Amino acid sequence: MRKYLIKRNQFFNTNTGGAGFTLVEILVGISIIITASTIVVAILVSSFRTSSKTTASDIVRQNGNNAITQISKMIQFADGFGGVRVGPDPAQFIQSCTILAQQSTDYYYVKIHIGNEDKIISCDDTSGILMDNKPLFDQNRVSLVPGSCKFTCSQKNLKETPVIGINFSLTSGARSSSSTLAEKNTVINFKTSVKMRNK
């Protein structure tokens, strides 16, 4: 029993000249390791979140720029203007925007003539921005913010070609699988105006 007590006392030796560590030294060492580990983990988590947000923003920006470029080119170089309308009734296209230039009316359909075909660009909260019922962006990676898509139409007089305003917002992720993580919920607004070259 005496041997055991001597060995025990040697392990917990308070003399700093001995070969062992004191309990206080061990606790200080453990606390330093835990603090350093916490800082390293926090830095790694922060860098992964920043990387994820940057990737999500790039995907949204790329899809939005692609969609707005397609719409702008189609409208600008169309052979003719077929009109704008608010509702789904195809007979209600308004072909003159002179009276409406003073009003701030939002439209959800634009009809243009390209060659012998009529093309309809539309805003739909569930399907996104469509060109002849085909989506203009990758619906598996981005989705349209509900209520954000609209067109405007203005025209100084009947001799002038109309100016079509395009406005929509996209968010990252498909509508069915929207993420709850803040870094993945990127919303970017896209807006431009296009003057038609031909009436």
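For the structure, see preceding data.
The structure displayed is predicted, hence computed values, not measured ones. (Residues numbered from 1 in each chain as written. Predicted model: local features only at pLDDT ≥ 70, side-chain atom pairs only at ≥ 80, totals over all residues. Heavy atoms only, no water.)

## Re the state of the cysteines
So, point 1. Applying the stated criterion across every chain yields a total of two disulfides.
So, point 2. A sulfur-sulfur separation of 1.7 Å characterises the disulfide bridge that pairs C97 with C153. Between C97 and C153 the sulfur-sulfur dihedral comes to about 90°; the bridge is accordingly right-handed. Highlighted residues: C97 in the loop between strand 1 (80–85) and strand 2 (109–114) and C153 in strand 7 (residues 150–154), separated in sequence by 56 residues. The same class applies to C97 as to C153, namely buried. (Disulfide = S-S within 2.5 Å. Helix = DSSP H or I, 4+ residues; strand = E, 2+ residues; numbered from the N terminus. Buried < 20%, exposed > 50% of the residue type's maximum accessible area, 1.4 Å probe, protein only.)

## A look at the pairing of strand 4 (residues 128–131)
So, point 1. Pairing of strand 3 (residues 117–124) with strand 4, which is carried by four bridges, proceeds in the antiparallel orientation. Considered in strand 4, the bridge of C123 is made with I129.
So, point 2. What sits between the antiparallel neighbours strand 3 and strand 4 is a turn of three residues.
So, point 3. In this sheet, strand 5 (residues 134–135) lies alongside strand 4 in antiparallel orientation, the contact comprising two bridges. Paired with L130 across the strands is P135, a residue of strand 5.
So, point 4. Hairpin connection of strand 4 to strand 5: two residues between the antiparallel strands, including D132 at a positive phi of 55°. (Pairing = 2+ DSSP bridges.)

## Thoughts on the environment of I94
So, point 1. Assignment of secondary structure puts I94 in the loop between strand 1 and strand 2.
So, point 2. Under the relative-accessibility criterion, I94 is labelled partly exposed at 34%.
So, point 3. Considered as a pair, I94 and K111 are 17 residues apart in the sequence and their alpha carbons are 9.6 Å apart.

## Observations concerning the sheet that holds strand 2
So, point 1. One open sheet holds the five strands; their spatial order is 1-2-3-4-5, and the pairing between them is antiparallel. Of all the strands in the sheet, just strand 1 and strand 5 have a single pairing partner and so form its edges.
So, point 2. When strand 1 meets strand 2, the two strands line up antiparallel, connected through five bridges. From the neighbouring strand, F81 faces strand 2, where its bridge partner is I112.

## Focus on the environment of Q139
So, point 1. Along the chain, Q139 falls in the loop between strand 5 and strand 6 (142–144).
So, point 2. Put simply, Q139 and S172 are 33 residues apart on the chain and 9.6 Å apart in space, counted from C-alpha to C-alpha.

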